[in-house]
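# Report on the structure
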Amino acid sequence: MYSVPTLSSPGVLADADAFLASAAGETWLSGLADNFPHSRYWRDRSDCWTLKSLNALAARIIDARYDGREVEEAMEAEFPPSEFGDTWHHVVAPELRGLFQAAGVTDNDAVNVAIRLAWEDRAAARDETSVGDLFAGHDRCELLFRFSCERWLDDALVYSHRRWPDAGELAVTRNLHFALANLGYTISEFRKLSGNRHKADRPLVSIRRRRASIITPDQLAEIIENACSTAFLFCLYAVVPIPDLIALDLAKPVTFETCWVATLDPINGTFQDVPACGPVSVSPADGRFLSGGHLRWSPENICCLHTPHYHARVCN
């Protein structure tokens, strides 16, 4: 590595096109690419990314999954690869300088350009690195799953009839009905527990309970009464490894091995959570994923959370 393959003579570059097209030229170019590889992505032990940057990456991954785009391309938009030009100018070109001088080749000579392009093609073919190589299990992002299938966050909110959040004063809407079914409660059970007597704003379509209750009635009351907002949504929350998120197929059921159930106001920035009662599995029909990168204020921004407390794993 980092040694230039020998030429039979510098004179072969006088007709560079013929040389590069020959078997001897192919052998020389292959040796050059082998000895001077290019890595689009390589990880240094000192690499350390902020939660904000990893949240932004997570948002791109999630959006790509939902839009049917290549996740690799979406990740590269957030973490661009190293340029071939940098490797050429800083690593390859200095080692070729003596050979070029002996052959009378200048920096801008067509021979120089032809060799550079040929090296780049072969180095690219040999490079097996990807943007995912940058991240290990300790690189984590904030992952949320909101219990609403509305596309826009402001259409997914649950509202209070009062100027404060109170379970007995929540508007009985389709959003509330849908969220409660995912938390493991029916509207009738919720009314009995909270004393809520408000009429539904419109006839409610029957929704079966999605799962056994994942929080207790007291926990449900706690996250509502401490939501610090009169408009919020219900969600799951965990701080998960980026490799876990990359591996997820969002079109299939996903299991949070550990998670927290929270009320989140994504507009004004409030967050209140309680631990879920064990693992929680969700399906695409239960809602939508988002990360802290989708929000102006992520939960960590809002509450200055001690994020290791929320470390968890997710998988299909």
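Here, every reference points to the structure presented above.
Residues numbered from 1 in each chain as written. Predicted model: local features only at pLDDT ≥ 70, side-chain atom pairs only at ≥ 80, totals over all residues. Heavy atoms only, no water.

## Points about the overall build of the chain
When helices and strands are counted, the chain shows eleven helices and nine strands. Taken against the 2.2 N^0.38 rule, which gives 20 Å for 316 residues, the C-alpha radius of gyration of the chain at 28 Å runs more than 25% over that of a compact globule. Projected onto its principal axes, the C-alpha positions of the chain cover 95 × 35 × 30 Å. Going through the 316 residues of the chain one by one, you find that 45% of them count as buried. For the chain, the proportion of contacts with a sequence separation of at least 24, taken over those separated by at least 6, is 80%. When the accessible surface of the chain is split by element, carbon and sulfur atoms take 49% of a total near 15900 Å². Taking the average location of the 30 positive side-chain charges in the chain and that of its 42 negative ones, the two points are 12 Å from each other. (Helix = DSSP H or I, 4+ residues; strand = E, 2+ residues; numbered from the N terminus. Rg over C-alpha atoms; globule rule 2.2 N^0.38 Å. Buried < 20%, exposed > 50% of the residue type's maximum accessible area, 1.4 Å probe, protein only. Contact = heavy atoms within 4.5 Å. Areas by Shrake-Rupley, 256 points an atom, 1.4 Å probe, with all protein chains shown as cover. Lys, Arg positive; Asp, Glu negative; His and termini not counted. Charge placed at Lys NZ, Arg CZ, Asp CG, Glu CD.)

## Quick notes on the sheet that holds strand β7 (residues 280–282)
Taken together, three strands build an open sheet; the order of strands is β7-β4-β9 and the sheet is antiparallel. The open sheet is flanked by β7 and β9 (314–315), the only strands paired with a single partner. Pairing between strand β4 (residues 254–256) and β7: three bridges, direction antiparallel. Considered in β7, the bridge of V254 is made with V282. (Pairing = 2+ DSSP bridges.)

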